[in-house]
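Reading the structure
Here are the chains, one letter per residue:
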Amino acid sequence: MNFNDMLKKKKKENSDNTEEINSIISETEQEIDEQAAENAPSPVDTLKEELSLANDKYLRLYAEFDNFRRRTVKEREEARKMEGKDVIVSLLPVLDDFDRALKAMETVTDVAPVKEGVTLIQNKLKNALTQKGLKEMESIGAPFDPELQEAITNIPAPTDDMKGKVIDEMEKGYFLNDKVVRFAKVIVGA
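Bear in mind that the values here come from a model prediction, so they are computed numbers and not experimental data. (Residues numbered from 1 in each chain as written. Predicted model: local features only at pLDDT ≥ 70, side-chain atom pairs only at ≥ 80, totals over all residues. Heavy atoms only, no water.)

Here the focus is the overall build of the protein. Scanning the protein from terminus to terminus reveals four helices and six strands. Residue pairs in contact within the protein that sit at least 24 positions apart in sequence constitute 61% of those at least 6 positions apart. Approximately 15900 Å² of the protein is accessible, and the part contributed by carbon and sulfur atoms is 56%. (Helix = DSSP H or I, 4+ residues; strand = E, 2+ residues; numbered from the N terminus. Contact = heavy atoms within 4.5 Å. Areas by Shrake-Rupley, 256 points an atom, 1.4 Å probe, with all protein chains shown as cover.)

Let us look at the nonpolar core. Core analysis: the largest hydrophobic core is formed by six residues, namely Met137, Val166, Phe175, Ala184, Val186 and Val188. In terms of residues, this core owes the most to one element, strand S6 (residues 184-189), which gives three residues. Dropping the residues within four chain positions of it, Val188 is found in contact with Phe144, Ala151, Thr153, Asn154, Ile155, Gly164, Lys165 and Ile167. (Core = buried A, V, L, I, M, F, W, Y, C linked by side-chain atoms within 4.5 Å. Buried < 20%, exposed > 50% of the residue type's maximum accessible area, 1.4 Å probe, protein only.)

Attention shifts here to the sheet that holds strand S2 (residues 149-155). What the three strands build is an open sheet, ordered S2-S6-S3; its pairing is mixed. Each end of this open sheet is capped by a strand with a single partner; those strands are S2 and strand S3 (166-171). Sheet twist, expressed as the average angle between the axes of neighbouring strands with direction ignored, equals 30°. Two elements, S2 and S6, share six bridges in a ladder whose sense is parallel. Note on S6: the bridge partner recorded for Ala151 is Val186. (Pairing = 2+ DSSP bridges. Axes fitted to C-alpha atoms, helices over the stretch in contact; angles between N-to-C directions.)

To continue, consider the pairing of strand S5 (residues 179-182). The two faces of a sheet get side chains in turn, since along a regular strand they alternate between them. Summarising the sheet, strand S4 (residues 174-176) and S5 pair through three bridges and their orientation is antiparallel. Looking at the pairing, Tyr174 lines up with Arg182 of S5. Between S4 and S5, which pair antiparallel one after the other, the connecting turn spans two residues, and Asn177 there sits at a positive phi close to 55°.

In this section: the sheet that holds strand S1 (residues 134-136). Reading across the sheet, the three strands line up as S1-S4-S5 and stay open at both edges, with antiparallel pairing between neighbours. What marks the edges here is a single partner per strand, and that holds for S1 and S5. Sheet twist, expressed as the mean angle between neighbouring strand axes with direction ignored, is 40°. Pairing between S1 and S4: three bridges, direction antiparallel. Among the inter-strand pairings, Lys135 is bridged to a residue of S4, identified as Phe175.

A few words on the confidence of the model for the protein. In the predicted model, the protein carries a mean pLDDT of 83, and 86% of its residues have values of at least 70. Confidence, expressed as mean pLDDT per element, reaches its minimum in the protein at helix H1 (residues 3-39) with 67 and its maximum at helix H2 (residues 43-82) with 91. (pLDDT = per-residue confidence, 0-100.)

On to a nonpolar patch on the surface. Residues Ile88, Val89, Leu92 and Leu95 make up a contiguous nonpolar surface patch of about 370 Å² in total accessible area. Structurally, Val89 can be placed in helix H3 (residues 85-107). (Patch = residues over 30% accessible without salt bridge, like charges linked within 9 Å, V, L, I, M, F, W, Y side chains within 5 Å. Salt bridge = Lys/Arg side-chain N within 4 Å of Asp/Glu carboxyl O.)

As structure tokens, then:
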């Protein structure tokens, strides 16, 4: 046998082997496809799984929102309870001064020092409130303004230039950061 014959025989054997291998591969692929088709979920199962995932996601989101809402309500309540804290803390020294003044009044025989002490406490209170934005209205001698003042009564004006103006103030009015927090109660000249 010559070399060419040997080569042809070898090629023929390889060709037969290749056909066998291709046949085995083809059969194996068919078996895998059949198993995959048997194991593949049906469209209904797929939709049920997607629905279950969407429902789970919805429930988690709802629970998270509900927790957020409760936490926010609780934080607001706590903030409301503490919103006047800084004003109260600034007034505590004034309260302490009043306590000291009451103790001193029990043993004092002269009224002048007590009067001076009360005046000092009043100034301290006004300063504390002014620092927090409180400002007194100046009403006496000013024209009556129903936006800022409440007329209690009218009396005859002592002079013609006092007609329609505030003659006396029964209760002071106050601004808090340029907004009226209490209207002045005044007597107006007629």
